[in-house]
Amino acid sequence: MYSKCILALFILIQQYKVLTYASDETSSADLCETSVTTNDIYVQHTMHRISDPKVSLPFYTEALGLTLLDTADLAMDKSTMFTMFFLAYEDPDNIPIDDEERLSWAMSYPGAINLQYIWGDNVSQHEYSDGNARPTGYSHIGIFASNVYEFCDRLMDYGVTFIKKPDEGVAHGNAFILDPDGYWIEIMNPYRMTLAE
């Protein structure tokens, strides 16, 4: 656990050069202490609302290389239906064949991305925010790539919009791209990131 905390702190320092989270009396190791047993608790997914699955699904499956694990159609209320698309980096041969088992498996898959599409006329009533405009909040998802430069070349060939290319900005070796709805995605390998000189 301690090594994960140190890695997270390293990434923050690499990108922003200043870490103001801990006070003088609190060490980074103290911040990572927990009083709860978390052996069976994990981050399962992050969810983005999307405006058009015909655009977003090819972006996530073809450009980013994620696998569609399963979908689920649900209702928010009597008049609003939505579809959830669960995606992750997984071999398609490992996806359960049985419908009920597959949905439970997809909805418990660690680190998945859940894209949510609201059906029909109700879409225009929803204004989505990427979390990076004022007021800020949610920022981005991060994807690890062993070779950031090769992966970014592939994304450039696909026509993906870059906010930051690997050799731009303060930290070299990471990139930020936009998905079709404007959500930010970081492509990074913390073992190969360096500070710009």
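Predicted model only: the values in this text are computed from it and were never measured.

S.K.: Requested: an account of the nonpolar core, with residues and values cited.
M.R.: One broad rule of soluble globular proteins: the nonpolar side chains tend to lie buried together. Of all hydrophobic cores here, the largest spans 24 residues; its most connected members are Tyr60, Leu64, Leu155, Ile177, Ile185 and Ile187. What isoleucine 185 contacts, discounting residues up to four positions off in sequence, is Phe59, Tyr60, Leu64, His140, Ile141, Ile143, Ala175, Phe176, Ile177 and Asp179.

S.K.: Can you lay out the side chain of asparagine 174 for me, pointing to particular residues and giving the numbers?
M.R.: Secondary-structure assignment places asparagine 174 in the loop between strand E7 (171-172) and strand E8 (175-178). Of note is the side chain of asparagine 174, whose polar atom sits 2.8 Å from the side chain of glutamate 186.

S.K.: Which residues make up the pattern of salt bridges, and what are the values?
M.R.: Evaluation of the coordinates by the stated rule reveals two salt bridges. We note a salt bridge from arginine 102 to aspartate 70, for which the minimum N-O separation is 3.3 Å. Of this pair, arginine 102 sits in helix H4 (residues 99-106) while aspartate 70 is found in strand E2 (residues 67-75), placing the two residues 32 residues apart along the sequence. On the basis of relative accessible area, arginine 102 is assigned to the buried category, the value being 18%. A relative accessible area of 11% means that aspartate 70 is categorised as buried. Aspartate 99 is the partner of arginine 102 in a salt bridge, and the nearest nitrogen-oxygen pair spans 2.6 Å. Of this pair, arginine 102 and aspartate 99 are both found in helix H4, three residues apart, which corresponds to roughly one turn of the helix. Among the residues examined, aspartate 99 registers a relative accessible area of 53% and is labelled exposed. A single network of salt bridges, built from pairs that share partners, joins Asp70, Asp99 and Arg102.

S.K.: Describe in detail the side chain of lysine 164, supporting the description with residues and values.
M.R.: With respect to the helices, strands and loops of the structure, lysine 164 is situated in strand E6 (residues 161-164). Of the side chains with opposite charge, glutamate 168 comes closest to the buried, unpaired lysine 164, at an N-O distance of 6.4 Å. At a separation of 2.7 Å, a polar atom in the side chain of lysine 164 contacts the main-chain carbonyl oxygen of glutamate 168. The residues touching lysine 164, leaving out its near neighbours within four places in the chain, are Gly169, Ala171, Asn174, Ala175 and Phe176.

S.K.: Can you tell me about the sheet that holds strand E4 (residues 112-118), naming the residues and giving the values?
M.R.: Strand order across the open sheet formed by four strands is E1-E4-E3-E2, with mixed pairing between neighbours. Each edge of the open sheet is held by one strand with a lone partner, namely strand E1 (45-50) and E2. Shown here is a sheet whose adjacent strand axes are inclined to one another by a mean of 20 degrees, direction ignored. The sheet contact formed by E1 and E4 spans six bridges and is parallel. Each bridged residue has a counterpart across the sheet, and for methionine 47 the counterpart in E4 is asparagine 114. Docked against the sheet, H4 engages E2 and strand E3 (81-88), running at close to 100 degrees with respect to E2.

S.K.: Outline helix H3 (residues 53-63), listing residues and values.
M.R.: Listing the buried residues of H3 in full gives Pro53, Ser56, Leu57, Phe59, Tyr60 and Ala63. Between a side-chain oxygen at the N-terminus of H3 and the backbone nitrogen of lysine 54 the separation is 2.9 Å; the capping residue is aspartate 52. Looking at the residues trailing H3, positive phi occurs at glycine 65, about 80 degrees.

S.K.: Outline the sheet that holds strand E9 (residues 184-188), listing residues and values.
M.R.: In spatial order, the strands read E5-E9-E8-E6; together these four strands make up an open sheet with mixed pairing. The open sheet has two edge strands with one neighbour each: strand E5 (140-144) and E6. Pairwise comparison of adjacent strand axes, ignoring direction, gives a mean angle of 30 degrees for this sheet. Across five bridges, the pairing between E5 and E9 is parallel. Of the residues in E9, the one forming a bridge with isoleucine 143 is isoleucine 187.

S.K.: Lay out the pairing of E3 in plain terms, naming residues and giving numbers.
M.R.: Of all eight residues that make up E3, seven are buried, and the element is covered over most of its length. Across eight bridges, the pairing between E2 and E3 is antiparallel. Opposite leucine 74, over in E3, you have phenylalanine 82 as the bridge partner. The antiparallel hairpin formed by E2 and E3 contains five residues in its connecting segment. As paired strands, E3 and E4 are joined by six bridges and run antiparallel to one another. Its bridge partner being in E4, phenylalanine 85 is matched across the sheet by leucine 115.

What counts, and where the lines are drawn
For every chain, the first residue of the written sequence is number 1, and numbering continues from 1 onward in sequence order. The model is predicted, so local features are restricted to residues of pLDDT at least 70 and side-chain atom pairs to those at 80 or more, both for listing and for counting; the totals for chains, interfaces and linings are taken over all residues. To get the side-chain values, take all heavy atoms of the structure and skip hydrogens and water. We call a set of buried Ala, Val, Leu, Ile, Met, Phe, Trp, Tyr and Cys residues a nonpolar core when their side-chain atoms join them within 4.5 Å. Throughout, exposure labels follow a simple rule: accessible area from a 1.4 Å probe, protein chains only, divided by the maximum for the residue type, with under 20% read as buried, over 50% as exposed, and the rest as partly exposed. Here, two residues are considered to be in contact whenever any of their heavy atoms come within 4.5 Å of each other. The helix and strand labels rest on DSSP assignments: H or I over at least four residues marks a helix, E over at least two residues marks a strand, and numbering proceeds from the N terminus. For this analysis, a polar contact is any N or O atom pair within 3.5 Å, provided that within protein one partner can donate a hydrogen and the other can accept it, and provided that sequence-adjacent residues contribute only side-chain to side-chain pairs. Throughout this description, the term salt bridge denotes a Lys or Arg side-chain nitrogen within 4 Å of a carboxyl oxygen of Asp or Glu. The sign given to each residue is positive for Lys and Arg and negative for Asp and Glu; His and the chain ends receive no count. Strands pair, by our definition, only if DSSP identifies at least two bridges between them. Axis angles are defined between N-to-C directions and span 0 to 180 degrees, where every axis is a line fitted to C-alpha atoms and, for a helix, only to the segment in contact.

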